[in-house]
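Notes for the structure review
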Amino acid sequence: MEFHHVSILLEPCLEALHIKPDGVYVDATTGGAGHSLRIAERLHDTGRLVCIDRDDEALENAKVRLKDVWQRVYTVKSDFREIDRVLAGLGLAGADGILFDLGVSSPQLDHAERGFSYMKDAPLDMRMDRTQALTAHDVVNGWSREELRRILFEYGEERYAPLIAAAIEREREKKPIETTGELVEIIKGAMPAKALREKQHPAKRSFQAIRIAVNDELGAVREAMDKAIDCLNPGGRLAVITFHSLEDRIVKAAFQQAAQGCTCPKDFPVCVCGGKPKVRLTPRKPILPDEKELADNPRARSAKLRVCEKIGTDA
């Protein structure tokens, strides 16, 4: 697979990370390696960039794309929820900057055989790590109707989740649902006519939900945020790009909790928990793509960049 990928919010990310030439940086979602390349180009040979991804093809692509800066780069196949173990395994005490670009990379969507896209017919797969056991085929054909309804509603925010889950159950009783094309037709057949006339593709929310379930994306984000903050050196920056409200709420909550410190009830006259803020929000609100980027890359339209900075022990 060739990774043709347009990095989203690239310049704002580079600015947010405050890259030091001799620092240690982590691209926790290497993907097409566009962010990785620009970070590594700003490092001297004493600096290090750790590239993490679950997708073997992404890591193979990174080796090619980063060949001119390879002496500064480590590539590691891992779930980003293991970021603390990755750094420890490389003998690195911490990082001066960490980037997460959440969601599915363009190559995963564009290559039909991966089964992520509702626009192309392919076997039901959707695994970011193609060595893992669970696939979209397993979820669609093996999970209960109630569990399907739950993930469609919670992960896809799909208001027709009960109708779609029931339709999937009816169809798989006749024969297994094998391809993305079959699933799209089942979803469309379950929805009322007015829903099919909406601008958004009728299968978009359901495919998002199944993909999130297959890869445990929200669980990974929850675990990774706290670990990433703890892995930062004083003054280090954490930058996270999200693409839908579920991810963004998790990231926002993690940042706010880390910035709050004290968890005592507001009516307590003094703090008794001893909690201290770990980070400051820089800035407090998310950074959004500008009009030029939106015109150049429509996939950026839902992107939000949140940034926080680790507070030093003497703060």
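For the structure, check the block above.
Quick summary incoming for the structure in this document. (Residues numbered from 1 in each chain as written. Predicted model: local features only at pLDDT ≥ 70, side-chain atom pairs only at ≥ 80, totals over all residues. Heavy atoms only, no water.)

Some points on the pairing of strand β3 (residues 73-77)
The sheet contact formed by strand β2 (residues 48-53) and β3 spans 5 bridges and is parallel. Note that in β3 the partner of L49 across the bridge is V73. For the crossover from β2 across helix α3 (residues 56-65) to β3, the handedness is right-handed. (Pairing = 2+ DSSP bridges. Helix = DSSP H or I, 4+ residues; strand = E, 2+ residues; numbered from the N terminus. Right-handed = clockwise from strand over helix to strand, strands pointing away.)

Description of the sheet that holds β2
Pairing within the open sheet is mixed, and its 7 strands lie in the order β3-β2-β1-β4-β5-β7-β6. The open sheet is flanked by β3 and β6 (279-281), the only strands paired with a single partner. Strand-to-strand twist of the sheet, defined as the mean angle between neighbouring strand axes without regard to direction, takes the value 20 degrees. Where strand β4 (residues 95-101) lies against strand β5 (residues 232-242), 6 bridges are found, and the strand directions are parallel. Paired with L99 across the bridge in β5 is A239. The strands that helix α12 (residues 217-231) touches are β4, β5, β6 and β7 (304-310); relative to β5, the one it contacts most, it runs at about 150 degrees. (Axes fitted to C-alpha atoms, helices over the stretch in contact; angles between N-to-C directions. Contact = heavy atoms within 4.5 Å.)

Comments concerning helix α2 (residues 34-41)
An α-helical turn contains 3.6 residues, so any two residues separated by three or four positions project in the same direction. Extensive coverage of α2 is indicated by the burial of 6 of its 8 residues. Buried within α2 are the following residues: G34, H35, S36, L37, I39 and A40. (Buried < 20%, exposed > 50% of the residue type's maximum accessible area, 1.4 Å probe, protein only.)

Let's talk about the environment of T30
Looking at the element boundaries, T30 is found in the loop between β1 (24-27) and α2. Taking the C-alpha atoms as reference points, T30 and V76, 46 residues apart in sequence, are found 9.8 Å from one another. For T30, the residues in contact, after removing those within four places along its chain, are S36, C51, I52, D53 and A62.

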